[in-house]
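# Remarks on the overall topology
Residues per chain are reported as follows:
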Amino acid sequence: MSSIANTKSPGGKTICVTGGAGFLGSHLCERLVADGNWVVCLDNFHTGRPENVARLTRSNRFHLIEHDVVEPLPSELPAFDEIYNLACPASPVHYQSNPVRTALICAEGALNVLERAQRDGARVMHASTSEVYGDPDIHPQPESYFGNVNTVGPRSCYDEGKRFAETLFTDYAKQSDLTVKIVRIFNTYGPRMQPDDGRVVSNFVLQALRDEDITVFGDGSQTRSFCYVDDLIEGFVRLMASGEEVSGPVNIGNPAEITVEELAETVIELTGSHSRIVHRALPVDDPRRRRPDITRAQQMLGWSPQVRLVDGLARTVRYFSSAGLRRPLHSTDTAQFAPV
Ligand code: NAD
Ligand code: UDP
């Protein structure tokens, strides 16, 4: 730890990424280091893995520290210029496994990040979610939409936790001189998605690669709009760099909307799989439609997604197939997916 305290990059910013060993966090850390910054990744490895950032640990501009954000950020680290707050279980399987803790991570993690940002005078960006819109009755969803969230359903710990964190970030900024950014992330996919977290893209790709049944929940008519991870990270960096005129939440996602049934068919076609589509029960409170209105991101950040779904899916399929997946997956096998 002392070597970290004494090390400072010549040039570049000193940036903290909480949850940096997860799917999105690892891509963000890679991007920030490649841009010449000095990056500290804080993660408790609940759903993330050190292997996700293994390549970065060879750089003296990257430091991985095991830390739980429900505790104050380690005081012995140098002052940060920027903090990205991503630490939180993100897939329904994981965030519902201990809902009380999920809600507390959203709240206490946000507060600890804000207090550290205040101490350091850091800009801070919070990873919020399209789940703040719940099962939306406005389509597509602009940032001005207040949402339709069940406060006591199985998704509430995450949805309400993220909504509360948005409130905390906003009010903390009002009561201080902090620069706060809030990104509402829509479904994102790509290499380093966890194979065991039950998200639809990783599930379908893995099932297709193994010629297993593809499990479409409900009748498959529900929609999502999938954003490739590189596009999302570009949006993060632009939002963090944006001026004071960009305040309030900003949707980042790909507005190309697709039904879950169509996604299953596309994955089968891309992989040349012999899988059949089977239908399973729709989870409680599963949103029926979701599509971002990205007008704010386009106008204020000059950001638009660049990667088409078929291209992003092809890269994701290459990632999962590179680990030799044409056999059943056991939970202990997950480490094999880390390198990209
Ligand atoms: P992920 O599970 O891969 O990453 C989350 C990371 O946070 C993991 O590395 C995990 O170990 C870490 N973490 C969890 N609890 C922690 C704690 N208490 N202290 C420290 N670290 C902790 O998920 P992801 O998809 O990379 O999501 C990253 C962020 O983006 C999350 O905040 C999530 O809510 C948000 N988000 C993601 C998506 C998406 O489509 N991937 C959509 C909306 C919002
Ligand atoms: N889904 C599905 N089969 C799966 C996993 C998910 O049909 O094996 C559906 C799920 O019910 C939802 C959509 O795919 O309608 C997206 O699910 P995911 O968990 O990836 O994201 P979220 O629901 O949080 O947007």
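Above: the structure in question.
Residues numbered from 1 in each chain as written. Chains lettered and ligands numbered in written order. Predicted model: local features only at pLDDT ≥ 70, side-chain atom pairs only at ≥ 80, totals over all residues. Heavy atoms only, no water.

### Looking at the sheet that holds strand β5 (residues 123-129)
- Ordered in space as β3-β2-β1-β4-β5-β6-β11, the seven strands form an open sheet in which the pairing is parallel. Of all strands in the sheet, those bounded by a partner on one side alone are β3 (62-66) and β11 (249-252). Neighbouring strand axes in the sheet, compared pairwise and without regard to direction, differ in orientation by 20 degrees on average.
- Note: strand β2 (residues 38-43) against β3, five bridges, orientation parallel. In the strand pairing of β3, Cys41 is matched with Leu64.
- Contacts from helix α5 (residues 156-174) reach β4 (82-85), β5, β6 (180-185) and β11, with the element oriented near 155 degrees to β5.
- Contacting β4, β5, β6 and β11, helix α7 (residues 229-241) crosses the sheet at an angle of about 160 degrees to β6. (Pairing = 2+ DSSP bridges. Helix = DSSP H or I, 4+ residues; strand = E, 2+ residues; numbered from the N terminus. Axes fitted to C-alpha atoms, helices over the stretch in contact; angles between N-to-C directions. Contact = heavy atoms within 4.5 Å.)

### Observations concerning empty space enclosed by the protein
- Here the structure, examined in full by the defined rule, presents one cavity of 30 Å³ or more.
- Empty space within the largest cavity amounts to approximately 40 Å³.
- Every residue lining the largest cavity is listed: Asn85, Leu86, Ala87, Cys88, Ile105, Cys106, Ala110, His126 and Lys162.
- Examining the composition of the lining of the largest cavity, we find that three residues originate from one element, helix α4 (residues 99-120), more than from any other. (1 Å grid on protein atoms, 1.4 Å probe; cavity = no way out; pocket = protein on both sides within 12 Å on 5 of 7 lines; lining within 4 Å. Points joined across faces, edges and corners; volume = space filled by probe spheres on them.)

### Quick word on the pairing of β5
- Buried residues dominate β5, accounting for six of its seven residues.
- Looking at chain direction, β4 and β5 are connected through four bridges and run parallel. Paired with Tyr84 across the strands is Met125, a residue of β5.
- Here β5 runs beside β6; their pairing, made up of six bridges, is parallel. Residue pairing in the sheet places His126 in a bridge with Ile182 of β6.
- Once you follow β5 into α5 and on to β6, the crossover reads as right-handed. (Buried < 20%, exposed > 50% of the residue type's maximum accessible area, 1.4 Å probe, protein only. Right-handed = clockwise from strand over helix to strand, strands pointing away.)

### Some details on the site of ligand 2
- For ligand 2, the set of nearby residues contains 18 residues, the closest of which are Thr215, Phe217, Arg224, Asp286 and Arg290.
- In the model, an oxygen atom of ligand 2 is placed 2.9 Å from a nitrogen or oxygen of the Asn187 side chain.
- When isolated, ligand 2 has an accessible area of 520 Å², and the protein chains bury 94% of it.
- At the level of secondary structure, the elements contributing two or more residues to the shell around ligand 2 comprise α6 (200-209) and β8 (214-217).
- Considered class by class, the residues forming the shell around ligand 2 number seven nonpolar, five polar and six charged. (Near = heavy atom within 4 Å. Polar contact = N/O pair within 3.5 Å; in protein donor to acceptor, adjacent residues only side chain to side chain. Areas by Shrake-Rupley, 256 points an atom, 1.4 Å probe, with all protein chains shown as cover. Nonpolar A, V, L, I, M, F, W, Y, C, P; charged D, E, K, R; others polar.)

### Details of the pattern of salt bridges
- Counted under the stated rule, the structure contains 23 salt bridges.
- As a salt-bridge pair, Arg55 and Glu30 come within 3.4 Å of each other at their nearest N and O atoms. Taken together, the positions of Arg55 in the loop between β2 and β3 and Glu30 in helix α2 (residues 23-34) put the pair 25 residues apart, joining distant regions of the chain.
- On the basis of relative accessibility, which here comes to 47%, the residue Arg55 falls in the partly exposed class.
- Residue class for Glu30 comes out partly exposed when judged on its relative accessible area of 24%.
- For Arg288, the salt bridge identified is with Asp135, shortest N-O distance 3.0 Å. Separated by 153 residues along the polypeptide, Arg288 in the loop between β13 (277-280) and α9 (295-301) and Asp135 in the loop between β5 and α5 bring together distant segments of the chain.
- Residue Asp135 is classed as buried on the basis of its relative accessible area, which comes to 18%. (Salt bridge = Lys/Arg side-chain N within 4 Å of Asp/Glu carboxyl O.)

Nothing here speaks to function; it is all geometry.
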